Amino acid sequence: MSPRSIARAVMAFTLVAATASPALAQRVIRIVVPFGPGAVQDTVARTFNAELGQLLGASVVVENRPGAGGTLGTAQVAKSPADGNTLVLAAASHTLAGHLYSKLAYDPIKDFTGLAYIGNSGYVIAAPGNLGVNNLADYVKLLKSKPGQTNYASAGNGSATHLGMAYFLSKAGVEMQHVPMKSTGDAVNELLAGRVQGVTSSLIGIVPFKQDARVKLLAYTGSQRSRFLPELPTVAEAGVQGYKFDSWIGLLAPAGMPKAELDKLNAAMNKVLADPAVQQRLTNLGVEVGGNLAVEPFQKLLREDYDSAGALVKASGARIE
């Protein structure tokens, strides 16, 4: 090839590269899920990331960073630039961690800003179908007759499913041994196999087994009955007074993000959450869709939940060094 031909080729390549650069430079927003694939937060994040990306003209990717009860991935987000390109899909375990862990690499409130409130979801206390109990009162009676001789599984130390069950046991005055797993799905599988005698599961993790003879749904953990399982009494209705445990779900950003960017992303998420298709997907997961909440009200919700989480952790007696 002659020098002139080489020069033309270089110029053509440069022109193509320059033309392609806007696409190559498309903004990438990462939603970090601090739990593994298939976890509740992971499933929720994937119900809206495509729509959010389309609205913002960006590529919104979901990135799983599990470990240490969700604190590993969360810590990485806390240390990320506050430019709106790295967010975390968080839930009740976020505020619980601030009281549960003796050493935490971040402050759940001071190091984050509540970007968008997605909704709320409760949990279900369930037992194996062959345990011979028909309701929560029977279950408590059985557990009291076998103190410390029964087991329950959770999504791991410090997870919401761990704390929800520990709090229930504290309120009911009974004892069970904790078997930590890697996810809610793994915990439910232990129940299905009959290797544990109890689990507190998110709705998404347990509702598919509603008609399965291997599972007996006992009570809903929220303050009111779930519209997804209206026939199921709340734990308080079933006799354990003063018990309430549910979870907010939302997107958090590292602290310090400029207000204009916060408001822009908040408005975009609220618009996405108003999309009937997205709402239906979230509803199918057992999420009571919130949306249309500005940044400051969501931040207030987080602060209030953090205070409540402290009381819950203290009542449960749980602690992770």
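For the structure, see preceding data.
Residues numbered from 1 in each chain as written. Predicted model: local features only at pLDDT ≥ 70, side-chain atom pairs only at ≥ 80, totals over all residues. Heavy atoms only, no water.

Thoughts on the pattern of salt bridges
Considering all chains together, one arrives at 14 salt bridges under this definition. With a closest N to O distance of 3.4 Å, glutamate 231 and lysine 210 form a salt bridge. Pair noted here: glutamate 231 is in the loop between β8 (215–220) and β9 (246–254) and lysine 210 is in the loop between α9 (203–206) and β8, with a separation of 21 residues, a long-range link. The salt bridge involving arginine 225 is made with glutamate 237; its shortest N-O contact spans 2.9 Å. With arginine 225 in the loop between β8 and β9 and glutamate 237 in the loop between β8 and β9, the pair connects residues that are twelve residues apart, well separated along the chain. Ionic contacts of the salt-bridge type, sharing partners, join the residues Arg30, Glu63 and Arg65 into one network. (Salt bridge = Lys/Arg side-chain N within 4 Å of Asp/Glu carboxyl O. Helix = DSSP H or I, 4+ residues; strand = E, 2+ residues; numbered from the N terminus.)

Side note on helix α4 (residues 71–78)
Listed in full, the buried residues belonging to α4 are Thr71, Gly73, Thr74, Ala75 and Val77. Where α4 is buried, its residues contact β1 (28–33), β3 (86–91), α5 (92–100), β4 (112–128) and β9. (Buried < 20%, exposed > 50% of the residue type's maximum accessible area, 1.4 Å probe, protein only. Contact = heavy atoms within 4.5 Å.)

Observations regarding the nonpolar core
Residues Leu96, Leu136, Tyr139, Phe168, Leu169, Val235 and Leu252 are the most contacted members of the largest nonpolar core, which totals 49 residues. It is helix α7 (residues 160–172) that provides the largest number of residues to this core, a total of eight residues. The residues touching phenylalanine 168, leaving out its near neighbours within four places in the chain, are Ile125, Leu136, Tyr139, Val140, Val235, Val240 and Tyr243. Among the nonpolar cores identified, the runner-up in size contains 33 residues, and Val62, Leu115, Leu265 and Leu282 belong to it. (Core = buried A, V, L, I, M, F, W, Y, C linked by side-chain atoms within 4.5 Å.)

Remarks on helix α10 (residues 259–273)
The first and last C-alpha atoms of α10 sit 21 Å apart over 15 residues, in line with the 21 Å expected at 1.5 Å per residue. Burial in α10 covers these residues: Glu261, Leu262, Leu265, Asn266, Ala268, Met269, Asn270, Val272 and Leu273. Where the residues of α10 are buried, they touch α3 (49–56), β4, β9, α11 (276–284), β10 (288–289) and α12 (295–316). (Expected span 1.5 Å × (residues − 1).)

Let's talk about the side chain of asparagine 266
Note on placement: asparagine 266 falls in helix α10. Side-chain polar atoms of asparagine 266 contact the backbone oxygen of leucine 115, separated by 2.8 Å. Non-local contacts of asparagine 266, meaning those with residues more than four positions away in its chain, are made with Leu115, Ala116, Leu293, Ala294 and Val295. (Polar contact = N/O pair within 3.5 Å; in protein donor to acceptor, adjacent residues only side chain to side chain.)

What to know about the packing of aromatic side chains
One pass over the full model with this rule turns up six aromatic pairs. Measuring from ring centre to ring centre gives 5.8 Å for tyrosine 106 and phenylalanine 112, while their planes differ by 85°; the resulting arrangement is edge-to-face. A residue is classified by how much of its surface remains accessible, and tyrosine 106, at 7% relative accessible area, is buried. An aromatic cluster of three or more residues is present, and its members are Tyr117, Trp248 and Phe298. (Phe/Tyr/Trp six-rings, centres within 6.5 Å; stacked < 30°, edge-to-face > 60°.)

The analysis is restricted to geometry; functional conclusions fall outside its scope.
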